[in-house]
Every structure is written in C-alpha cells, then in structure tokens.
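Architecture and fold: a report
Here is how the chains run, residue by residue.
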Amino acid sequence: MTTAVQVKKLTMVQAVTDAMRTMLEEDESVLVLGEDVGQNGGVFRATDGLFEQFGEERVIDTPLAESGIVGTSIGLAVNGFRPIAEMQFLGFIYPAFNQLMTHATRMRQRSMGRYTVPMVIRAPYGAGVKAPEIHSDSVEALFTHIPGLKVVIPSNAYDAKGLLIASIEDPDPVLFLEPMRCYRSSRTEVPDEKYSIELGKASYVKEGSDVTVMTWGAMVPDTVKAVEKFEKEHNATCDVIDLRTLYPLDKDTIAESVKKTGRVVIIHEAPSAGGVNGDIISVINDTSFFYLKAPIQKVTGFDTPVPVYSLEQEYLPSSEKIISALNTTLSY
Amino acid sequence: MLERFPVTQYINEDGELIKQEVQEELSLDLVKMFYEKMLRARMMDKKCVNLQRQGKIGTYVQYEGQEAAQVGSALAIEEGDWMFPSYRDHAATMTFGHSLRNLLLYWVGRIEGGIPPEGKNIFPPAVPIASQLLHATGVAWAEKKKNTDRVSLVYFGDGATSEGDFHEGLNFASVFKAPVVFLNQNNGYAISVPTEKQMNSKTIAQKGLGYDIPSIRIDGNDILAVFIETKKAVDRARRGEGPTLIEAVTWRYGAHTTADDPSKYRDQSESDRRRTTTDPLLRLEKYMKNENSWDEEWLASMEQKITNEINTAISEMKDYPKADIDQVFSHVFEKPTWTIEQQREHHMSIKRGKV
Ligand SMILES: Cc1ncc(C[n+]2csc(CCOP(=O)(O)OP(=O)(O)O)c2C)c(N)n1
C-alpha cells in the first residue's frame, strides 16, 4: 500500500514558513532569529506561528541591529546551531555587510575547516510592492561577488520550500532572497513532507527551441507572460529558465539551452552594471560561445537607485522591453 | 539607573506647573502656541491615516501621541540650524518649516516629498535605522570647524539605540565635541519589540554615560519639559560645549505603520488609557483650564484654520504634476554616465513604441 503524498496549495510566503517549521521540528539545532520574527511573526508573516509552536528560545526577537544579528549568528553557527537569520528587508542588510564579507564567508578557509558557518540569511527584496525608499533594492550581485556565499532566489512556493530546506542543510552560509512581489501573488502545490531542491540547479519553466530566456525571482512570472505573448505573435518558441541559484550558476543548464537555441535574452530587475547578467554571459562565453547566432540581449533595471514608488513600475523590466529584446535577437 | 536618570517634568498629568521657577517665562501666548503646533501636527497625522485608509496615499508612518516630543524640540532650534528626522518625525519637520504638501508627496512615493523649502536645513527622512545620527554629527562637526554657532538636532527611536551607528554617532560627537542634540523618542516599541526586549538597560539616557555625554530623561509628553530641556542642550551646543543626549519618554498610540497590526504583539487598551492620562494635548488643556484660560472659541477657530491649511495641502498634492521618469536618470550623478544615457534613450524609445 502506498500512502499518497499530502499536498497543499500555498503562497510563497507560506511555503517559506513551512520550510522553517519542517526544519525546526526535525533539527533541534535550527534557530530562527531577527527583528520582529517572534511574537509578531515577521512583518511579512514569514515566521507566523513559529514563536507559538517553538517558543522564544528557538524563535528569537533580537535587538534592532543587523550586524549584531549576522555577527552573533556566525558564533551560533560555529558553535553547533543552524541559525536562520531574517533581515527585515534586503535594503537593511548593509550594516551587516562587514560581518558577511569579513567573517561569515571566510571562516571555513581561515580556520582550514576547523570552524564552519552553516547559516542562512533570509531577506525579502525587490521592487513593485509600493514600499518606501530603500525597501525595494535588488542588489543580489553585491552578494554573488562575495567569495564563500551561495545566493539562492525562489520564484514560487514549491521551489521556496525545497530550496530553503536545502539552504538550511547546506554546511556553508547561504543568502536566501525572497522576492516580495511573489510572496502572495500565486499559489502552488507544496507537499507537506520534507523535500529539498539541490542548490546550484536551474529549472526550465517552459521549453522551446528558438531563444533561451534566463531570469529569476519576481521576473519569472512577468517573463513567462511576455514570452507567451511573443510566441503567439511569432512562429517561435522559447526556453524560459529560472536560474534559482545565482551563485554558483548552473552552467550545464545554461550551456545546454544555449547550444540548442543559439539566442539569449537575460532579464533581471537589478541594475545592469556589475549585475549577474555579466556572470551569465561569462558562462556562455566559456561553454557555448560558438553556438550563438545573435548578440546576447539583456533587459534590466537602470543604473540608478530603485525609484520611489511613483516611478518604480517604469524601472521594472516591462513586457514591451522583454518582447523588444526577443524581437531583436530573433531578427538578427 | 532609574534614580540617576529621573524623568524630568514641568507640567504634570493634572496640568499643574511643578517647576515654579519657569512661571515667569511661561506666558499664555507661549502655551497657546505650543497647543496650536501640536494640534496642527495631530490633525495632519489623523488626516494622513484617513487618506491611507481611502487609498489616496501609500503606507504611512504615524506619530500620534508623540507630538510634544517632536514639536517641543523642533521649536527649540532656529532657522539655520539643522534637523535630521527619521521616517516618523513629520510633526518635527512640519513645525520646523517643511511644507505639508511635500509631506503628503513623500507618502505618495514622490522624491519631492523629502525636499525641504529653500533655506530650511532639513535632511530627507532617514529610512535605515540610526544612520542619520552620524550625518547629524558630521554636519555639526562641520559647523564647528567653520566657527559658526549652528547646531544639529537629530531624531531616532528606542530601537535605533541598538544599532552600531547610534554608538558611533555618540562617540564621534563626544570625541569631536560636535554641537549636536541627540533626541531620542522612547515610544516603548520598535515595531513589535518592547523596550525591555530591545535592551537590558533601564534607560536610554544612561547610554550617554559611556561616551561622557551629558544625558537626561524627560517626560516626552510634557511639551514644556521637552522645549526647555532641548533649548538648554541647544544652548550648550552653541556655546561649544558639545553634544547632549535626551531621552524623551513617550508613547505612540497606534500601529508602527498603517501596514502593521499591533494586536499581534500588544494590548491596545494601554493606548486607550493613555489618551485620558498622559496625552500631550490633554495635558496643556488641563493646564489652561487650571489657569482659567481655556477657550472653546479659540480652539474652534484654530481647528478651522488648520483644516483649511491641510485641505489646501491635499489639493496641492493632488494637482501636483505627475512624476517624471527624468528625475530617475537626471539625479544619479551630476552628469549621467553613458550607461544611464543609453538606458534613458532605450526606455524612452520603448515608451514611444519605437522599438
Ligand atoms: C537598518 C534597518 N533595519 C530595519 C529596518 C526596518 N524597521 C523600520 S522601523 C523599525 C523599528 C524602529 O524602531 P525605533 O527605532 O524604536 O523607532 P520607532 O519606529 O518606534 O519610532 C524597523 C526594524 C530599518 N528601517 N532599518
């Protein structure tokens, strides 16, 4: 007799909670800490109910100090715990940058493996939810540049649970970025049981043969919409790849798709300069350059701070821009 | 520490003047001016919450209950001095001369909202917690180097005192004797976290001890205490005697922001109780009643005047020209880089449907 896997339709933020609950239940050493994560359940309710279930020794309201949160999490992690630290918004991680850059990510090497830092930092990020200044920053590339840090971004509930569990189980520090625009915009089926999705593996959102479209986070659903429109207007089909892990990139999936299509569009809402688009182009250069039939196109935010909300929609890559880039590459 | 840092009061909850030595300076005009400025701040705050509920402005950060702490301190500095608000300190900025229209524009996501009128030294509100303390110190330090007698007044909450920038700000100000007044509004909570969980220290004022900064604790709902004690600190700073830390003990009645639900973490009956006990406006009302100078007609005419002012600001906000994407590209550098120019051109051509 087989027992049917129980599944629930969850929003992405519920799946994030579900992943933490699963790991708090399974592993005594897992802790959740951050500003307002306890009684309040987090400003996005990502830790809702965990304080009630696990108590204040495991779901911990900290003082308002990001460097303090990350710095002490390093200590906790080195000394036997698996902290999951929440940054209230990615735009407020900057005070903790020093701890990440100088300690969390190089403790393993500095101690030749004697001390390791198995911690996860979770942070909501991205534009499009009319948040006040600084709350909408999309600065993932700042972190892919830090040696020793994995950077993971889910775009739906199923991936969020599996990727977060894998991040918690990872023996090294992981930055887990949660696109705010995806928190409640859709539901996907999520198994009740524990499962994980390997870090460093991209996923095909849909398959096609003429263009490879790569993106992540909140741009995934927007991209799919634009691509579907484009495919209807042209006799063409696209691979849409959700990269899911930005460091390390899934070079095999990137190469495989580029070899098939020969045409590439990269889409991200972060500024272009120094952005992850450059790393992707470098992977293509190394793995599949001779298969290219057209210059690689990119659609990104501007090299400007994310504007306040009256103008943020203009900042985000629009359907028109995505379709225009697809046209350019196809007609080359 | 509680004995070492008692809460200084000038007018108590029953509206009685308990520091007789200031009786002479306390004219009825001054009291009425205090009341009017606080009423203006309160009416504006309530209006903003309503506008948010009607979907006419975005998420808003309210300060109701903290009027005395903000208005009283703002009245203690002068034109030419500097003010460094956080996101909650509109009562302070509007008292110091920020326009109501721009205040509203800030909450509809407009850059203009953070810009003070010409000649008013008000920084755009700091969104990252505690970061503004260092700016205030730097600006004050510059004034000192330039041999002026201008000072900085900087606002921050209880939660902010946990951040490194708070400690660095106090330390720099102390080392360089910068003319800065650190005005803490201890409103009991940092979003959901009550002060007892934020810190183990009993007071915020005592945190100044480590930096040898004169520090006091005052009743932040007593506008006279706030005004007089801030003025003393401002005068000290002007005389070149360095920084002061003031902990104004107060209370915010409502949620952290209009996006927050306080029933998750606190019992709102305490707020209801405080409206009838420690409220800063009620206190002055009681004082004026004790002095037989409370005047309903005066109140009504003031309310009318303020309502008109707020309504004018709302129509100005509504009639304000639409946000222009050029603001985004034009103000990143003095001269836009080629990447920004290219992005601007591309964006405009896509908008015109030319690509
Ligand atoms: C560096 C940073 N971390 C987190 C936040 C999110 N946040 C906004 S307000 C707030 C609480 C601030 O509390 P307090 O300093 O007491 O000021 P209050 O809002 O009570 O006036 C938090 C955590 C932020 N704005 N900046």
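Treat the numbers as computed from the prediction; the structure is a model and nothing was measured.

Turning our eyes to something else, we now look at the overall build of chain A. Counting its secondary structure elements, chain A contains 12 helices and 14 strands. Relative to the compact-globule value of 20 Å for 332 residues, chain A shows a C-alpha radius of gyration of 20 Å, a close match. For chain A, the spread of C-alpha atoms along the three principal axes comes to 60 × 50 × 45 Å. Of all 332 residues assigned to chain A, the portion counted as buried reaches 61%. Long-range contacts, defined as pairs at least 24 residues apart, comprise 83% of the intrachain contacts of chain A with a sequence gap of at least 6. Total accessible area on chain A is roughly 12900 Å²; 51% of this is exposed by carbon and sulfur atoms. Taking the 31 positively charged and 44 negatively charged side chains of chain A as two groups, their mean positions are separated by 4 Å.

The next thing to look at is the interface of chain A and chain B. Taken together, the contacts link 32 residues of chain A with 41 residues of chain B. For the pair chain A and chain B, the summed buried area comes to about 3100 Å², and 59% of that belongs to carbon and sulfur atoms. Our enumeration of links across chain A and chain B arrives at 3 salt bridges. Of the charged contacts in the structure, one is a salt bridge between E314 of chain A and K351 of chain B, with a shortest N-O distance of 2.9 Å. Inspection of the chain A/chain B interface yields 13 residue pairs in polar contact (both at pLDDT 80 or more). Looking at the side of chain A that touches chain B, the element that brings in the most residues is helix α12 (residues 319-330) of chain A, giving 3 residues. Its residues assigned to classes, the side of chain A that touches chain B shows 13 nonpolar, 9 polar and 10 charged.

It is worth spelling out helix α10 (residues 276-287) of chain A at this point. Residue and element names in this part refer to chain A. Helix length check: α10 (12 residues) gives 17 Å between terminal C-alpha atoms against 16 Å at 1.5 Å per residue, within 8%. Considered for burial, the residues of α10 that qualify are V276, N277, I280, V283 and I284. In an axial view of α10, the angular spread of the buried residues amounts to 120°, which keeps them on one side of the axis. Next to the buried residues of α10 lie α6 (140-144), β10 (211-215), β12 (245-247), α9 (251-261), β13 (264-271) and β14 (297-301).

The full count for this structure, using the stated rule, is 22 aromatic pairs over all chains. Seen from their ring centres, F156 of chain B and F166 of chain B are 5.7 Å apart, and the 55° between their planes marks the pair as tilted. In this pair, F156 of chain B sits in strand β4 (residues 152-157) while F166 of chain B sits in helix α6 (residues 164-175), placing the two residues 10 residues apart along the sequence. Overall, F156 of chain B belongs to the buried group, its relative accessible area being 3%. With centroids separated by 5.9 Å and ring planes inclined at 50°, the aromatic side chains of F172 of chain B and F176 of chain B adopt a geometry described as tilted. Through a chain of ring-to-ring contacts, the aromatic side chains of F44, F89, F92 and Y183 of chain A assemble into a single cluster. In this structure, K19 of chain B is placed above the aromatic ring of Y10 of chain B, and the distance from its NZ or CZ to the ring centre is 5.4 Å. Over the ring of Y253 of chain B we find R275 of chain B, and its NZ or CZ is 4.2 Å from the ring centre.

Residues and elements named next belong to chain A. The 5 strands are arranged β9-β11-β10-β13-β14 in an open sheet whose pairing can be described as mixed. Every other strand in the sheet has two partners, leaving β9 (203-206) and β14 as the edge strands with one partner each. Taken over all neighbouring pairs, the strand axes of this sheet differ in orientation by 25° on average, direction set aside.

It is worth spelling out helix α7 (residues 157-169) of chain A at this point. All names here are of chain A. For α7, built from 13 residues, the straight-helix expectation of 18 Å at 1.5 Å per residue is met to within 8% by its first-to-last C-alpha distance of 18 Å. Across the 13 residues that make up α7, a large majority, 11, are buried. What α7 keeps buried is the set A157, D159, A160, K161, G162, L163, L164, I165, A166, S167 and I168. If you check the start of α7, you find a side-chain oxygen 3.1 Å away from the backbone N of Y158, and it comes from N156.

This part is about the pattern of salt bridges. Counted according to the given criterion, the structure contains 44 salt bridges over all chains. Between K206 of chain A and E231 of chain A there is a salt bridge, with the nearest N and O atoms lying 2.6 Å from each other. Placement of K206 of chain A in strand β9 and of E231 of chain A in helix α8 (residues 219-233) is noted, with a sequence separation of 25 residues between them. For the pair shown, K206 of chain A and E231 of chain A are each scored as buried. A salt bridge links R238 of chain B to D81 of chain B, with the nearest nitrogen and oxygen atoms 2.7 Å apart. Of this pair, R238 of chain B sits in helix α8 (residues 223-238) while D81 of chain B sits in the loop between α2 (67-74) and β2 (82-84), and the two are 157 residues apart along the sequence. Overlapping salt bridges bring together R42, K46, E64, E67, R275 and D279 of chain B as one network.

Take the UniProt feature "domain: Dehydrogenase E1 component" (unreviewed entry) in chain B next. With numbering matched to this structure, UniProt assigns "domain: Dehydrogenase E1 component" (unreviewed entry) to residues 36-325 of chain B. Between the C-alpha atoms that bound residues 36-325 of chain B there is a distance of 39 Å. The span itself is 44% helix and 11% strand.

A few words now on the packing of α2 of chain B against α8 of chain B. Residues and elements named next belong to chain B. Running from amino to carboxyl end, α2 crosses α8 at an angle of 35°, the nearest separation of the two axes being 8 Å. Remark: the crossing between α2 and α8 carries right-handed chirality. When α2 is examined against α8, the residues A68, A69, V71, G72 and S73 are found in contact with a partner set consisting of I223, V226, F227 and T230. Looking at the contact of α2 with α8 residue by residue, the class counts come to 6 nonpolar, 3 polar and no charged.

Analysis parameters
Residues numbered from 1 in each chain as written. Chains lettered and ligands numbered in written order. Predicted model: local features only at pLDDT ≥ 70, side-chain atom pairs only at ≥ 80, totals over all residues. Heavy atoms only, no water. Helix = DSSP H or I, 4+ residues; strand = E, 2+ residues; numbered from the N terminus. Rg over C-alpha atoms; globule rule 2.2 N^0.38 Å. Buried < 20%, exposed > 50% of the residue type's maximum accessible area, 1.4 Å probe, protein only. Contact = heavy atoms within 4.5 Å. Areas by Shrake-Rupley, 256 points an atom, 1.4 Å probe, with all protein chains shown as cover. Lys, Arg positive; Asp, Glu negative; His and termini not counted. Charge placed at Lys NZ, Arg CZ, Asp CG, Glu CD. Buried area = accessible area lost by both parts, 1.4 Å probe. Salt bridge = Lys/Arg side-chain N within 4 Å of Asp/Glu carboxyl O. Polar contact = N/O pair within 3.5 Å; in protein donor to acceptor, adjacent residues only side chain to side chain. Nonpolar A, V, L, I, M, F, W, Y, C, P; charged D, E, K, R; others polar. Expected span 1.5 Å × (residues − 1). Arc of directions from axis to C-beta. Phe/Tyr/Trp six-rings, centres within 6.5 Å; stacked < 30°, edge-to-face > 60°. Lys NZ or Arg CZ within 6 Å of the ring centre and 35° of its normal. Pairing = 2+ DSSP bridges. Axes fitted to C-alpha atoms, helices over the stretch in contact; angles between N-to-C directions. UniProt positions renumbered as here; feature names shortened; annotations may be inferred. Left-handed = near helix turned anticlockwise from the far one by under 90°.

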